[in-house]
Amino acid sequence: MTRRIVLVGYPLEHSMSPLIHNTALRAMGLHREYIYEPLTLRREELAGLVRDMSEGRIYGANVTMPYKTEILRHVHPADEHTALVRSVNTLYCTATGVVGTSTDGAGFRTALIENDVNPQGMNVLILGAGGAARAVVAVLLSMGVEQIVIHNRTMQHALELREMAHSISDIPVEISTTHEAGLHLSSLDMIVNCTPQGMTGNMKNMTPIHISRDDAHLVVVDLVYNPIRTVLLREAIIAGCKVVDGTGMLVHQAAESLRIWLQREDIPVESMRAALLRELDASGVCTGS
Ligand code: NAP
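A. Structural context of the nonpolar core. Phe-108, Ile-126, Leu-140 and Val-192 are the most contacted members of the largest nonpolar core, which has 36 residues in total. Of all the secondary-structure elements, those providing two or more residues to this core are helix H4 (104-114), strand S7 (123-127), helix H5 (131-142), strand S8 (147-151), helix H6 (155-168), strand S9 (173-175), strand S10 (190-193) and strand S11 (219-222). Per element, the largest residue contribution to this core is eight residues, and it comes from H5. Setting aside anything within four residues of it in sequence, one finds Leu-140 in contact with Phe-108, Leu-112, Pro-119, Val-124, Ile-126, Val-145, Ile-148 and Met-190.

Below you can see the structure in the form of structure tokens.
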């Protein structure tokens, strides 16, 4: 019988996860044993998902916006780090029940490394304070950043993220309360967009911050991967910044989830990346046009 791995979230129409996971399963010759499919669920159906997993009807799950924290009401965090970060994107079954962990941090770290970005000693601005921002901040702290500044629409979420950072490290974490235009980019080394601004759909023409020619010293990272070249990244490229788009993180967090479910290290990352880039190119979103 084919084992079902599901992607749970809302909305899911633009997700590339089914494509990249099924590409990997096919490349590994496992496409008859496993299938990865989107499953749109309402909040009140999350408990049923966990029941389906514990009773063997669903083998594994990815969880995406807006349930990455909510799901922790229904599953145990896999370890102390997950409990602290409180953001889960991968569910799997253990002898003691269904547990949740996040592979976003591992994906982000690998994407930085493969783009030759070493955040050690950097002053980093985080735009957003949701699940992805929490995973990103935890990784940046572990990689030796010097300072973090958080800018978010909802102050309470920024405060909660700072609290999480303080429980991991004593590196200074500031909260920016200025309007976007008031942020001083000259004192920063890196910006990471952890909001959906710039994403295909009604946010496509948005950017969380504007980059000008004075900002060429910055490394600009966008977690949004569809389009690959968001408004933010296009401005950063014109300004002469080093940029990292969201495709590397997407592929590497997916590969890490597959390592957990399949208990195998040999995940065909380059096949997954090629399928993703082909699809984004074919759908005309490569350049954000
Ligand atoms: P989330 O937990 O829902 O958090 C969303 C964050 O974005 C919050 O800080 C939210 O602010 C802010 N936000 C939402 N809409 C906004 C708007 N219109 N204007 C300004 N800020 C807004 O989502 P997430 O899981 O952190 O994901 C955030 C983004 O990262 C998404 O675009 C997602 O696709 C992307 N992502 C990419 C990867 C990858 O592999 N490349 C992995 C994970 C996530 P409030 O606190 O005010 O609500």
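After that view of the structure, there is still more to cover.
B. Structural context of the layout of surface pockets. Taken as a whole, the largest pocket encloses approximately 1,700 Å³ of empty space. Taken together, 49 residues make up the lining of the largest pocket; nearest its centre are Met-65, Ala-132, Cys-194, Thr-195 and Pro-196. Of all the secondary-structure elements, those providing two or more residues to the lining of the largest pocket are strand S3 (60-63), H5, H6 and helix H8 (247-262). Taken together, the residues of the lining of the largest pocket sort by class into 23 nonpolar, 20 polar and six charged. Considered as a void within the structure, the second largest pocket measures approximately 240 Å³ in volume.

C. Representation of the state of the cysteines in the model. In this structure the tally under the stated criterion is zero disulfides. Cys-194 takes part in no disulfide bond, and the closest cysteine sulfur to it belongs to Cys-241, at a distance of 17 Å.

D. Quick look at unusual backbone geometry. A cis amide bond, omega 0°, links Met-65 with the succeeding residue Pro-66. Across the junction of Asn-226 and Pro-227, the peptide omega takes the value 10°, indicating a cis bond. Note that Pro-227 resides in the loop between S11 and helix H7 (231-239). Phi is positive for Arg-86, close to 55°, though the residue is something other than glycine. Positionally, Arg-86 belongs in the loop between helix H3 (80-85) and strand S5 (90-94). Arg-86 sits in the partly exposed class, given a relative accessible area of 37%. Even without being a glycine, Asp-116 presents a positive backbone phi close to 60°. Relative to the helices and strands, Asp-116 resides in the loop between H4 and S7.

E. Just the site of the ligand, in detail. Lining the immediate environment of the ligand, one finds 25 residues, of which Ala-129, Ala-132, Asn-152, Thr-154 and His-157 sit closest. With respect to the ligand, the backbone of Ala-129 contributes an N or O atom lying 2.8 Å from an oxygen atom. Compared with its free state, where it exposes 910 Å², the ligand has 82% of that area covered by protein. A majority-of-atoms criterion places the ligand in the largest pocket. Going through the elements one at a time, H5 and H8 are the ones with two or more residues in the shell around the ligand. Top element by residues in the shell around the ligand is H8. It accounts for three residues. Counted by class, the shell around the ligand contains 12 nonpolar, 10 polar and three charged residues.

F. Looking closely at the packing of aromatic side chains. For the coordinates displayed, the defined rule picks out two aromatic pairs. Note on Tyr-36 and Trp-261: the rings are 6.3 Å apart at their centroids and 50° apart in plane angle, and the pair reads as tilted. One end of the pair, Tyr-36, is in strand S2 (residues 34-40); the other, Trp-261, is in helix H8, and 225 residues separate them in sequence. Each member of the pair, Tyr-36 as well as Trp-261, carries the same accessibility label: buried.

G. Region of interest: empty space enclosed by the protein. Tallied over the full model, the rule gives one cavity of 30 Å³ or more. Estimates place the volume of the largest cavity at around 30 Å³. Lining the largest cavity are Phe-108, Ala-111, Val-221, Asp-222, Leu-223, Val-244, Asp-245, Gly-246 and Met-249. The set of elements that each furnish at least two residues to the lining of the largest cavity consists of H4 and S11. Split into classes, the residues belonging to the lining of the largest cavity amount to six nonpolar, one polar and two charged.

Conventions used here
Residues numbered from 1 in each chain as written. Predicted model: local features only at pLDDT ≥ 70, side-chain atom pairs only at ≥ 80, totals over all residues. Heavy atoms only, no water. Core = buried A, V, L, I, M, F, W, Y, C linked by side-chain atoms within 4.5 Å. Buried < 20%, exposed > 50% of the residue type's maximum accessible area, 1.4 Å probe, protein only. Helix = DSSP H or I, 4+ residues; strand = E, 2+ residues; numbered from the N terminus. Contact = heavy atoms within 4.5 Å. 1 Å grid on protein atoms, 1.4 Å probe; cavity = no way out; pocket = protein on both sides within 12 Å on 5 of 7 lines; lining within 4 Å. Points joined across faces, edges and corners; volume = space filled by probe spheres on them. Nonpolar A, V, L, I, M, F, W, Y, C, P; charged D, E, K, R; others polar. Disulfide = S-S within 2.5 Å. Near = heavy atom within 4 Å. Polar contact = N/O pair within 3.5 Å; in protein donor to acceptor, adjacent residues only side chain to side chain. Areas by Shrake-Rupley, 256 points an atom, 1.4 Å probe, with all protein chains shown as cover. Sits in = over half its atoms within 2 Å of the grid points. Phe/Tyr/Trp six-rings, centres within 6.5 Å; stacked < 30°, edge-to-face > 60°.

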